[in-house]
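This is what each chain is made of:
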Amino acid sequence: MDPNKNNKNKKKKYYDAYGQPVDEYGRPVDKNGIAYADYDEQGNPPQQPQRNTVKKVNASAYGGGKNPADKKPTDKKPVTKKAKRRFPIVRVILVLLVAVIVAVAADVNYLLGLYEYDDTDESSLAANTQDGIMTIALFGVDTRENGDSGTRSDAIMIMSVDPARSSIKLISLMRDSYVEVPGYGKTKLCHAYGYGGAQLMMETINKNFDMDIKEYMTVDFAQMASIIDGVGGVTVTLTEDELEETNKFIDEYCWENDMPTQRIEGTGEQKLNGIQAMTYGRIRKGNTGGDWMRTERQSVVLNQVFSKATGNPVTMLRFLHGLMPNITSSMSKSDFWYMGLRTILHGMPSMDHLRLPLDDEWQYGTTDNGMSVIRFSDSILAQHLHEYIFNDVRPKTADEQ
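Draft legend 1. A look at the overall build of the protein. Secondary structure assignment for the protein yields nine helices and 15 strands. Put simply, the protein has 401 residues, and 41% of those count as buried. Once local pairs closer than 6 in sequence are excluded, the contacts in the protein between residues at least 24 apart make up 65%. With an accessible surface of roughly 23,900 Å², the protein has 51% of that area assigned to carbon and sulfur atoms.

Draft legend 2. Broad picture of the packing of helix α6 (residues 290-309) against helix α7 (residues 313-323). It is the contact of α6 with α7, at a shortest axis distance of 7 Å, that shows an interaxial angle of 130°. It follows from the interaxial angle that α6 and α7 lie oblique. Here Val305, Phe306, Lys308 and Ala309 of α6 come into contact with α7, specifically with Thr315, Met316 and Phe319. Along the lines of polarity and charge, the residues of the contact of α6 with α7 split into five nonpolar, one polar and one charged.

Draft legend 3. How the structure looks around the pattern of salt bridges. Counted according to the given criterion, the structure contains 11 salt bridges. The partner of Lys169 in a salt bridge is Asp392, with the nearest N and O atoms 3.1 Å apart. Here the residue Lys169 occupies a position in strand β6 (residues 167-173), and Asp392 occupies one in the segment after α9 (378-390), the gap between them amounting to 223 residues. Residues Arg394 and Asp352 are paired through a salt bridge, measuring 2.9 Å at the closest nitrogen-oxygen approach. In this pair, Arg394 is assigned in the segment after α9 and Asp352 in strand β13 (residues 350-356), connecting sequence segments 42 residues apart. Residue classification places Arg394 among the partly exposed residues on the basis of a relative accessible area of 40%. Since its relative accessible area comes to 30%, Asp352 is described here as partly exposed. Each member of the salt-bridge network shares a partner with another, and the members are Asp162, Arg165, Lys169 and Asp392.

Draft legend 4. Seen up close, α9. With 13 residues, α9 should reach 18 Å at 1.5 Å per residue; the first-to-last C-alpha distance of 18 Å fits that figure. Within two residues after α9, Asp392 carries a phi angle of roughly 60°, on the positive side.

Draft legend 5. Summary view of the sheet that holds β6. Taking strand neighbours across the sheet as the criterion, the seven strands line up as β3-β12-β9-β4-β5-β6-β13 in an open arrangement whose pairing is mixed. The open sheet is flanked by β3 (116-117) and β13, the only strands paired with a single partner. Relative to β6, strand β5 (residues 153-162) is paired through seven bridges, and the arrangement is antiparallel. Its bridge partner lying in β6, Val161 is registered against Ile168. Packing against the sheet, helix α2 (residues 191-209) makes contact with β4 (134-141), β5, β6 and β9 (216-220), and its axis sits at approximately 140° to β4.

Draft legend 6. Broad picture of a nonpolar patch on the surface. A cluster of nonpolar side chains, contributed by Leu341, Ile344, Leu345 and Met348, occupies part of the molecular surface with about 410 Å² of accessible area. Among the secondary structure elements, Leu341 is positioned in helix α8 (residues 333-344). Classification of Leu341 as partly exposed rests on a relative accessible area of 42%.

Draft legend 7. Seen up close, α8. Given a rise of 1.5 Å per residue, 12 residues ought to cover 16 Å, and the 17 Å separating the end C-alpha atoms of α8 matches this to within 8%. On its buried face, α8 is in contact with β4, β5, β9 and β12 (327-329).

What counts as what
Residues numbered from 1 in each chain as written. Predicted model: local features only at pLDDT ≥ 70, side-chain atom pairs only at ≥ 80, totals over all residues. Heavy atoms only, no water. Helix = DSSP H or I, 4+ residues; strand = E, 2+ residues; numbered from the N terminus. Buried < 20%, exposed > 50% of the residue type's maximum accessible area, 1.4 Å probe, protein only. Contact = heavy atoms within 4.5 Å. Areas by Shrake-Rupley, 256 points an atom, 1.4 Å probe, with all protein chains shown as cover. Axes fitted to C-alpha atoms, helices over the stretch in contact; angles between N-to-C directions. Parallel < 35°, antiparallel > 145°, perpendicular 65-115°, else oblique. Nonpolar A, V, L, I, M, F, W, Y, C, P; charged D, E, K, R; others polar. Salt bridge = Lys/Arg side-chain N within 4 Å of Asp/Glu carboxyl O. Expected span 1.5 Å × (residues − 1). Pairing = 2+ DSSP bridges. Patch = residues over 30% accessible without salt bridge, like charges linked within 9 Å, V, L, I, M, F, W, Y side chains within 5 Å.

Printed below as a string of structure tokens:
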């Protein structure tokens, strides 16, 4: 043991030339090291502060072991009542959150069992994804008169889902577009669905516009009302001619379905319910603008429906409750899960819509047999389509440039 170790904490002593003890300032001190100069007028030394002493306790009184007085202090803070209350609340919140997630997942899984699955092509959506972007053809048909036989597609759209950019794009293709339908020659785009259903329609789009779409969803326009009602309706601006034609279709639909009519009361900005919006999106006769304006009206309705559906999870579930029982799709249940999970992991996506061909890139024409069609450049439309979907570049008309 180092003999100087115990002396480190002792006070150093000083002595004068005669060997008498003094402090560090050379003042005489008493036996306790207190300078006489610090004594009071009565000759009493100053009082020393009391030291805290720890009473030694016999270890045997505690059944052996270490003396409690020797226990070292720790940095551990006592748990307060507030902290104790907070942790159970956090657990309750977590349990409720998990319960909600499980309930939503179970509901979605149930809904995915309600649609009609077309297993003609069993390739997966993941395998057909290009640059991480999913492309799906959307068709709106009216089977009230013909059933599934010879039905033409009234609404033709391409939906692209881009998780990396957190966006969904809807591209409307005009139904009277004059295109090459494989096996049937040049005719209207909408005729492809009547000739060969969704598969021939996808083949026609792929051939004419250099796409590689292999998945589709078809919805019966007669069932669109419940889908639109699921998101709380839409708001549109009606002209006098649109009001007249829409109310005519509303009367027809309500009569066929044995229900009271639900006519729209006036022009201008109007909030439409499902039946009203569905019929508004289908009119094209009278002075309502033909196929060009019908496509525009459909895009207004569908864009609002999709925007509302992706606005929050509650509205999304309502939308799915209206949609899933009324669609036919080539997408399997796992495809729907794949698309949904990849999309929401990046947050609720933004919505955008485009109609092709652009306003100044097409013109009405008549075929040799007197059929009214829309003529345009296939290559220019294909270029716009690819730039918009894969490069996120929105094409502009000559007036917009």
